[in-house]
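# A structural walkthrough
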Amino acid sequence: MKILKYLAYSLVLSFMVISCDKHEILYNTRPADDAEFQLHYFEPVVNQASNYIDSVFVNGILYSSVNGSGQLLPYNGVPGGSTGRFFSVKSGEVNFKFYRKDKIVYDQTCTLNKGKQNVVVHDLSKAPIILDNQFPYPHSFEWQEGVSIYTTASISTIKFCNFLYEKAGEPYQGKLQYQWQHPRTKEWHNLGNPVGFGEATDRIPITVVKDVYNSSGSCRIDYRILDENGDILQVRNSSGKMVNYSDYWTGYIGQAKMHFFRGYRTETPVCAVSQWGSL
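Keep in mind that this is a model prediction, so the values were computed, not measured.

## Here's the deal with the overall build of the protein
Each helix and strand in the protein was counted, giving one helix and 21 strands. By residue count, 43% of the 279 residues in the protein fall in the buried class. Looking at the protein as shown, the accessible area adds up to about 15400 Å², and 53% of this sits on carbon and sulfur atoms.

## Examining the pattern of salt bridges
For the coordinates displayed, the defined rule picks out five salt bridges. Among the salt bridges present, the one from glutamate 36 reaches lysine 116, with a minimum N-O distance of 3.0 Å. You can see glutamate 36 sitting in strand 1 (residues 35-41) and its partner lysine 116 sitting in strand 8 (residues 115-121), a full 80 residues away along the chain. The partner of aspartate 107 in a salt bridge is lysine 97, with the nearest N and O atoms 3.7 Å apart. Highlighted residues: aspartate 107 in strand 7 (residues 103-112) and lysine 97 in strand 6 (residues 92-100), separated in sequence by ten residues.

## Quick notes on the environment of glutamate 93
In this fold, glutamate 93 is placed in strand 6. In this structure glutamate 93 comes out as exposed when scored by relative accessible area, which is 59%. Between the C-alpha atoms of glutamate 93 and threonine 111, which are 18 residues apart in sequence, the distance is 4.6 Å. Residue contacts for glutamate 93: discarding those within four places in its chain leaves Asn59, Thr109, Cys110 and Thr111. Side chain to side chain, glutamate 93 and threonine 111 meet in a polar contact 2.9 Å long.

## Structural notes on the sheet that holds strand 19 (residues 246-252)
If you walk across this open sheet you meet the four strands as 14-13-16-19, and the pairing is antiparallel. The sheet terminates laterally at strand 14 (188-190) and strand 19, the two strands that pair on one side only. Ignoring which end each strand starts from, the neighbouring axes of this sheet average 35° apart. As paired strands, strand 13 (residues 177-181) and strand 14 are joined by three bridges and run antiparallel to one another. The residue bridging glutamine 179 from the neighbouring strand is asparagine 190, located in strand 14.

## Some points on the pairing of strand 1
Among the seven residues in strand 1, six count as buried, and that is most of the element. Sheet topology note: the strand 1/strand 8 ladder contains seven bridges and is parallel. The residue of strand 8 that forms the bridge with tyrosine 41 is valine 121. Here three bridges tie strand 1 to strand 4 (residues 76-78), and the two strands are oriented antiparallel to one another. Paired with leucine 39 across the bridge in strand 4 is valine 78.

## Here's the deal with the sheet that holds strand 2 (residues 55-58)
The strand order 3-2-6-7 describes an open sheet built from four strands, whose pairing is antiparallel. Unpaired on one side and paired on the other, strand 3 (61-65) and strand 7 mark the two borders of the sheet. Across this sheet, the average inter-strand angle for adjacent strands is 20°, counted without regard to direction. In this sheet, strand 3 lies alongside strand 2 in antiparallel orientation, the contact comprising four bridges. Within strand 3, the position partnered with valine 56 by the bridge is serine 64.

## Let's talk about the packing of aromatic side chains
The final tally for this structure, using the stated rule, is 17 aromatic pairs. Ring geometry for tyrosine 41 and phenylalanine 98: centres 6.4 Å apart, planes at 75°, overall edge-to-face. One end of the pair, tyrosine 41, is in strand 1; the other, phenylalanine 98, is in strand 6, with 57 residues separating them in the sequence. One exposure class covers both tyrosine 41 and phenylalanine 98, and it is buried. With 4.2 Å between their ring centres and 15° between their planes, phenylalanine 160 and tyrosine 178 make a pair best called stacked. Of the two residues, phenylalanine 160 sits in strand 11 (residues 153-167) while tyrosine 178 sits in strand 13, which places them 18 residues apart along the sequence. By relative accessible area, phenylalanine 160 is classed as buried at 0%. Among the aromatic residues, those joined into a cluster by ring pairs are Phe42, Phe163, Tyr165, Phe197, Phe260 and Tyr264. Against the face of phenylalanine 135 rests lysine 116, its NZ or CZ located 5.1 Å from the ring centre.

## So, the environment of serine 55
Here serine 55 is to be found in strand 2. A C-alpha to C-alpha distance of 6.0 Å links serine 55 and phenylalanine 98, two positions 43 residues apart in sequence.

Parameters at a glance
Residues numbered from 1 in each chain as written. Predicted model: local features only at pLDDT ≥ 70, side-chain atom pairs only at ≥ 80, totals over all residues. Heavy atoms only, no water. Helix = DSSP H or I, 4+ residues; strand = E, 2+ residues; numbered from the N terminus. Buried < 20%, exposed > 50% of the residue type's maximum accessible area, 1.4 Å probe, protein only. Areas by Shrake-Rupley, 256 points an atom, 1.4 Å probe, with all protein chains shown as cover. Salt bridge = Lys/Arg side-chain N within 4 Å of Asp/Glu carboxyl O. Contact = heavy atoms within 4.5 Å. Polar contact = N/O pair within 3.5 Å; in protein donor to acceptor, adjacent residues only side chain to side chain. Pairing = 2+ DSSP bridges. Axes fitted to C-alpha atoms, helices over the stretch in contact; angles between N-to-C directions. Phe/Tyr/Trp six-rings, centres within 6.5 Å; stacked < 30°, edge-to-face > 60°. Lys NZ or Arg CZ within 6 Å of the ring centre and 35° of its normal.

Any functional reading would require information beyond the geometric quantities listed.
Right, dumping it as structure tokens:
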């Protein structure tokens, strides 16, 4: 019986070897598209229906439309900002075409590299500006001995992008210093170095102090912008007055955001920051 058992085992092993030799396991896959991008439209125009981009074609393929993943609106982008998602395409030369109804209003080609990036159109007559999204995003956790758990803190990361126009046809000439206020100490901190038009800071960690213990963690973060002289940037408001620029956003632990400063400093449409998420 033992001999028969060993013979049976030998036969099974032989069939397995023969089977493996004759039947190569193949997976019907293709390499992933290795360039990921978010597309933004920051031309300083009035946000109204006549200025909407009804469809976006990337290398001749429809990526966004009225009936698809959404129109591309001024001071907005695709895919949607709250999702943090990216489109994908093969890296290299990439062509973007924008349509309003059946008319092409934008036709430009640029180079996209492997990884995540933000493609910014600020003028329909010019090639887009490509910004490195700086993935992967840093994370950390801050703990202070003896401090209430309600003040435990961690980080969000912000990347500031300067697309401010002084007035029609004239990009702002100076460099802007973006600053954030620590929610606990109320001290102001530089967010990266000053950047000129079409430039972006590095992705900078900021502190987020949890408002509620049993939550993912969020709090209000205040921001301001300094001009090249170190003064708070003066901007036109909706009432036509020149005022100090300031703003605030809710910061969430672990999230990565882009802050795009766009619009006109001295004319309408007035300037503001558009926030965009990244995953």
